[in-house]
Amino acid sequence: EPCCRRSVDCDEWFAHTRTQRATEGIPDSDLFIQTTFLPGSGQVPNNIPYHPAASLSEQVRRSVKRSLHNLGVNQFDSLLLHSPLPTHEQTLEVWRMFEKLKKGDIVLQLGISNVYQVSVLERLWHDAEIKPAVVQNRFYAKTNYDRELRAFCRDHGIIYQSFWTLSANQNILDHPVLRRIAKEVNRTPGQVWFRFVMHQGIVPLTGSTSKEHLQQDLQCYGFALDDKDVREIGELIGEPDAKVLDRDVETDEDEDDL
């Protein structure tokens, strides 16, 4: 997507009215809106947009309809399944409805979140008519930073998005190596970490109630890490051969438009 579009990720755990306030005054054409379908078992009990006994496909249909209404839009740029369901058959039932929405131009791309087993993603990829375009996971040490899964995504043209990119990696942010590099490039440890992640071809998601913090996060643009810096940070996550995989946005200065 063009870098001048503002990306908004809003799943069903959070009030869509907050997103409306945050994007007030911004033309729809300048927004890239991504939302998430959450099955009934994970919904807030008093705010389920469908009957709890409804079929999974009906849950998807009603949930997307409610989300479109809440956000005042006619189409989503991206729709994610919050996580794989207990069985592959259930996951596939949801995915078939996702595919119908994609074919009807209600959503433009499909994806899945919280999928940490490569075998689960491989099976969905194999059985899906419309392949996942996005995987959104927590990027942290407990899952070995999704090393194998990210390789699968690269090989199949899937965008890998990371959430809790800062908060799940405080040990990295506090590490002397990262702090030294941050001092050398005159950036914060968080900005350097975001830059490293982006150099790995990852799209990091960030959010805050503080405008100052968000603006600080956006300052990860406008500079690049050299190969030595990337290797040193890579060693911190068990990837000593890390290198710059994505240089497309490394000199983009239009921070206010991202």
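You'll find the structure just up there.
Residues numbered from 1 in each chain as written. Predicted model: local features only at pLDDT ≥ 70, side-chain atom pairs only at ≥ 80, totals over all residues. Heavy atoms only, no water.

(A) Region of the structure containing the packing of aromatic side chains. Taken as a whole and assessed by the stated rule, the structure comprises 8 aromatic pairs. Centre to centre, the rings of F139 and Y160 are 6.3 Å apart; their planes meet at 70°, and the pair counts as edge-to-face. Taken together, the positions of F139 in the loop between β5 (134-138) and α5 (147-155) and Y160 in strand β6 (residues 159-163) put the pair 21 residues apart, joining distant regions of the chain. Considered together, F139 and Y160 belong to a single accessibility category, that of buried residues. Connected via pairs of aromatic rings, a cluster forms that spans F139, Y145, Y160, W193 and F196. (Phe/Tyr/Trp six-rings, centres within 6.5 Å; stacked < 30°, edge-to-face > 60°. Helix = DSSP H or I, 4+ residues; strand = E, 2+ residues; numbered from the N terminus. Buried < 20%, exposed > 50% of the residue type's maximum accessible area, 1.4 Å probe, protein only.)

(B) Representation of the pairing of β6 within the structure. Counted residue by residue, β6 has 4 buried out of 5 residues, so it is predominantly covered. For the handedness criterion, the β-α-β arrangement of β5, α5 and β6 is classed as right-handed. As paired elements, β6 and strand β7 (residues 202-204) share 3 bridges and run parallel to each other. The residue bridging Q161 from the neighbouring strand is V203, located in β7. (Right-handed = clockwise from strand over helix to strand, strands pointing away. Pairing = 2+ DSSP bridges.)

(C) Structural context of α5. Among the residues of α5, L149, R150, F152 and C153 are the ones counted as buried. Across the axial projection of α5, the buried residues extend over an arc of 155°, all falling on one side. Among the exposed residues of α5, those oriented more than 90 degrees off its buried face are E148 and D155. After α5 finishes, the residue G157 shows a positive phi value of roughly 70°. (Arc of directions from axis to C-beta.)

(D) Focus on helix α4 (residues 118-127). Residues of α4 that are buried include every one of V118, L121, L124 and W125, and no others. For α4, the angular spread of the buried residues around the axis is 130°, confining them to a single face. Tucked inside the fold, the buried residues of α4 contact α3 (88-103), β4 (110-113), β5 and α5. (Contact = heavy atoms within 4.5 Å.)

(E) Representation of the side chain of E239 in the model. Relative to the helices and strands, E239 is located in the segment after α10 (227-236). A polar side-chain atom of E239 sits 2.3 Å from a polar atom in the side chain of R150. Residues in contact with E239, not counting those within four places in the same chain, are Y145, R147, R150, R231 and G234. (Polar contact = N/O pair within 3.5 Å; in protein donor to acceptor, adjacent residues only side chain to side chain.)

(F) View of the pattern of salt bridges. Evaluated as defined, the whole model comprises 10 salt bridges. Here E58 makes a salt bridge to R62, at a shortest N to O gap of 2.7 Å. Separated by 4 residues within a single helix, E58 and R62 lie in helix α2 (residues 56-71), roughly one turn from each other. A residue is classified by how much of its surface remains accessible, and E58, at 22% relative accessible area, is partly exposed. With a relative accessible area of 40%, R62 lands in the partly exposed category. As a salt-bridge pair, R147 and E239 come within 3.2 Å of each other at their nearest N and O atoms. (Salt bridge = Lys/Arg side-chain N within 4 Å of Asp/Glu carboxyl O.)

(G) Structural detail: the nonpolar core. The biggest cluster of nonpolar side chains holds 57 residues, and the ones touching the most others in it are F98, L121, V135, W193 and F196. Excluding residues that lie within four positions of it along the chain, L121 makes contacts with I112, V115, P132, V135, L149, F152, C153 and I158. (Core = buried A, V, L, I, M, F, W, Y, C linked by side-chain atoms within 4.5 Å.)

(H) Summary view of the packing of α4 against α5. Relative orientation of the contacting elements α4 and α5 amounts to 20°, with a least axis distance of 9 Å. Considering their axes alone, α4 and α5 lie roughly parallel with respect to each other. The residues of α5 that touch α4, namely those facing V118, L121, E122 and W125, are E148, L149, F152 and C153. Of the residues belonging to the contact of α4 with α5, the class tally is 6 nonpolar, no polar and 2 charged. (Axes fitted to C-alpha atoms, helices over the stretch in contact; angles between N-to-C directions. Parallel < 35°, antiparallel > 145°, perpendicular 65-115°, else oblique. Nonpolar A, V, L, I, M, F, W, Y, C, P; charged D, E, K, R; others polar.)

(I) Quick look at the packing of helix α7 (residues 176-184) against α10. At a minimum axis distance of 10 Å, the contact between α7 and α10 shows a crossing angle of 155°. Taken together, the axes of α7 and α10 lie roughly antiparallel to each other. Both α7 and α10 take part in a crossing whose hand is left-handed. Here V177, L178, R180, I181 and E184 of α7 lie close against α10, whose contacting residues are K228, D229, E232, I233 and L236. Here the residues of the contact of α7 with α10 are counted per class, giving 5 nonpolar, no polar and 5 charged. (Left-handed = near helix turned anticlockwise from the far one by under 90°.)

Honestly, that's just the spatial picture; any functional story needs more than this.
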